Amino acid sequence: MRRYLARRSPAEWAVRVALAAVAAVLGYYGITFSAAQAARKTDPVLAYRLAPYDGRNTAAYAASIVRNNPTLEDGRRAGDLARRALRQDPTAVAALSTLGLIADLRGDRADARRMFASAQALSRRSPSTQLWLIEDAVTRGSVREALRQYDITLRVFPSLEGMLYPVLASASDDPEIRHELVRTLAGKPMWGVNFITFMAGSDSDPQVTAALFVDLHRAGVAVPQAAVAGAVNALIAAGHFDAAWSYYAATHPGADRRRSRDPRFLAQAEAPSQLDWIALNDGGLTTSIQGGLFDFSVPASVGGPLLQQIQLLPPGTYRLIGHSIGLDLPAGASPYWMLSCRGGREIGRIEMPNSSVAKGTFTGTFSVPADCPSQLLLLNARPTDAISGIFGQIDRAELVPVS
């Protein structure tokens, strides 16, 4: 090894030393460049100090200066840095958006609009650019442009839905905005279903939600069943019974307010509203609606509600007609139907005979008073000492007006 090294000339040694120095310098710059990239989002000042030649670092530093209540001097300094960043890298989006903010601060809205439009043309992945363009469109009263920018922003930044959905939900009370929102949702954006679901479960006026959903139905936009149910339930909870029925009828062709719904248990709704049959399974009761049957099983000594459907019947007399299968209980132990007004005031009860009586048919009447705009039709099970408990099936149950 010593003989090999001894054969090296001074020139060769000089070249080797020079190459080693270059490698060291390149290694240093490589390390600082990587460190600057890592620090750019969390500490733009450090990133700029480590690699001031990188336009993205310069742009990030400029943006950090005007982020929180900048002074005029801050604006001038940030502007100089932003222009330097564009000379270093003409694609530095943060530099353009910073210049846009500075123009906006000095009241030059036209220049700000030009800068932000240029930033968006380069990339739609700048949240500050997108939010400014939304605000600008709203300020100008351009509803269509505002909805276009909402669409762009939510497609690229779904994480901003927590900020933007409530604003859209509230604004949809305006007919012009609702019209543009429906047009936007008709384009089936990726965020559309999530927004519709949010709208149904939000604190927005349920009448506004229903109006939007009706317009969506008319435009051929599918509203998830759970959202339909949520809107109907919210209207009922708020006491908007006429609006609840109008929306329900719009989404359930053939529905008649003077009759209960789905008499043969065929709807198979995955997310039923309170105007649909709801099988109840509390307290050890087992119930289900499947294949045109309501099936129930109740353990011994247990009672409680089995099945319910809210009604919005006009005042008048109504007959409950139904048919059971397999019900065989001692006298006084059979389930019964109860109709009550909103708030719990009972209108009447109808006992269910065993299925061997009248070939399983049961019937009875209720009189709905004028001061009872909403009613609850409920099937209840009585506790029994029978070891086998209570079980049976119902393949028909319907409330109809008595002519």
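Residues numbered from 1 in each chain as written. Predicted model: local features only at pLDDT ≥ 70, side-chain atom pairs only at ≥ 80, totals over all residues. Heavy atoms only, no water.

A. Summary view of helix α15 (residues 241-251). Looking at α15, one finds that the buried residues are F241, A244, W245, Y247, Y248 and T251. Projected down its long axis, α15 carries its buried residues within an arc of 165°, all on one side. Those residues of α15 that are buried are in contact with α13 (206-218) and α14 (225-237). (Buried < 20%, exposed > 50% of the residue type's maximum accessible area, 1.4 Å probe, protein only. Helix = DSSP H or I, 4+ residues; strand = E, 2+ residues; numbered from the N terminus. Arc of directions from axis to C-beta. Contact = heavy atoms within 4.5 Å.)

B. Quick look at the packing of helix α11 (residues 175-186) against α13. Direction vectors running N to C along α11 and α13 enclose 45°, while the axes themselves pass 10 Å from each other. Taken together, the axes of α11 and α13 are oblique relative to one another. α13 is crossed by α11, and the crossing has right-handed handedness. Contact residues: α11 offers R178, L181, V182 and L185, while α13 offers A211, L212, D215 and L216. Its residues placed into classes, the contact of α11 with α13 shows six nonpolar, no polar and two charged. (Axes fitted to C-alpha atoms, helices over the stretch in contact; angles between N-to-C directions. Parallel < 35°, antiparallel > 145°, perpendicular 65-115°, else oblique. Left-handed = near helix turned anticlockwise from the far one by under 90°. Nonpolar A, V, L, I, M, F, W, Y, C, P; charged D, E, K, R; others polar.)

C. Spotlight on unusual backbone geometry. Of note in this structure, F265 is not a glycine but carries a positive phi near 55°. Along the chain, the position of F265 falls in the loop between α15 and β1 (278-279). When its relative accessible area of 0% is taken as the criterion, F265 is described as buried. For S301, which is not glycine, the phi dihedral falls at a positive 65°. Examined against the element boundaries, S301 turns out to sit in the loop between β3 (293-298) and β4 (304-311).

D. Spatial organisation of the state of the cysteines. Counted under the stated rule, the structure contains one disulfide. Note on cysteine connectivity: C341 is disulfide-linked to C372, with sulfurs 2.2 Å apart. Residues C341 and C372 share a disulfide whose torsion about the S-S bond is about -120°; that sign makes it left-handed. Of the two residues, C341 sits in strand β6 (residues 336-341) while C372 sits in the loop between β8 (361-368) and β9 (375-381), which places them 31 residues apart along the sequence. Taken as a pair, C341 and C372 share a single burial class, namely buried. (Disulfide = S-S within 2.5 Å.)

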